[in-house]
Amino acid sequence: MQDHIKTLGTVIRKAREDHGLSQSALAEQLGIDVRTIINIENFRGNPKFEVLYPLVTTLKIPADRLFYPDSYSPGDLKGQLLWELQCCCEEDAKALLPTIRCLLELLKNRPAGH
């Protein structure tokens, strides 16, 4: 099996589950057949761009998760932080931004050795 097909299926399934969507709900939202989602997630699908693009954008999957999967590891805290931010809506991002800026400023100004 080609690694990119396995990566695609794994990433799509995780993102779909993180969004709380069933396979059929996602398929309906995208206007595609549920078998397309099932095939991708079971490593039998190699979708055309016309399917892949809305799938990735709807699930807010960063491109590096698909094209550079080895650059992400579960212990990568920055990667986890970016993933969480990628999954939030614009309204949530607007609310989080001032808090994040404030926290970063506090961290920059903390005493050495902490």
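Residues numbered from 1 in each chain as written. Predicted model: local features only at pLDDT ≥ 70, side-chain atom pairs only at ≥ 80, totals over all residues. Heavy atoms only, no water.

Right, let's get into the overall build of the protein. Summing up its helical and strand segments, the protein has 7 helices and 0 strands in all. Overall, the protein is about 55 × 30 × 20 Å in size when its C-alpha atoms are taken along their principal axes. Within the protein, the fraction of its 114 residues that count as buried is 24%. For the protein, restricting intrachain contacts to residue pairs at least 6 apart in sequence, the fraction spanning at least 24 positions comes to 60%. Positive and negative side-chain charges of the protein, numbering 14 and 15 respectively, have mean locations separated by a distance of 2 Å. (Helix = DSSP H or I, 4+ residues; strand = E, 2+ residues; numbered from the N terminus. Buried < 20%, exposed > 50% of the residue type's maximum accessible area, 1.4 Å probe, protein only. Contact = heavy atoms within 4.5 Å. Lys, Arg positive; Asp, Glu negative; His and termini not counted. Charge placed at Lys NZ, Arg CZ, Asp CG, Glu CD.)

Before going further, it helps to spend a moment on the pattern of salt bridges. For side chains of opposite charge, pairing can occur when their charged atoms come near one another. Evaluation of the coordinates by the stated rule reveals 4 salt bridges. A salt bridge links Asp18 to Lys14; the shortest N-O distance between them is 2.8 Å. Taken as a pair, Asp18 and Lys14 lie in helix α1 (residues 3–18) at a separation of 4 residues, close to a single helical turn. Residue classification places Lys14 among the partly exposed positions, given a relative accessible area of 41%. Taking the shortest distance from any N to any O, the salt bridge between Arg35 and Asp33 comes out at 2.7 Å. Residue Arg35 is classed as exposed on the basis of its relative accessible area, which comes to 55%. Overall, Asp33 belongs to the partly exposed group, its relative accessible area being 35%. (Salt bridge = Lys/Arg side-chain N within 4 Å of Asp/Glu carboxyl O.)

All right, on to the confidence of the model for the protein then. Averaged over every residue, the pLDDT of the protein is 87; residues scoring 70 or more account for 93%. Confidence scores differ between elements of the protein, with helix α6 (residues 77–86) showing the lowest mean pLDDT of 76 and helix α2 (residues 23–30) the highest of 97. (pLDDT = per-residue confidence, 0-100.)

Attention now goes to the packing of aromatic side chains. Overall, the coordinates contain 1 aromatic pair when judged by the stated rule. With a centroid separation of 5.6 Å and 35° between ring planes, the pair formed by Phe49 and Tyr53 is classed as tilted. In this pair, Phe49 and Tyr53 are both assigned in helix α4 (residues 49–58), 4 residues apart and thus about one turn of the helix distant. (Phe/Tyr/Trp six-rings, centres within 6.5 Å; stacked < 30°, edge-to-face > 60°.)

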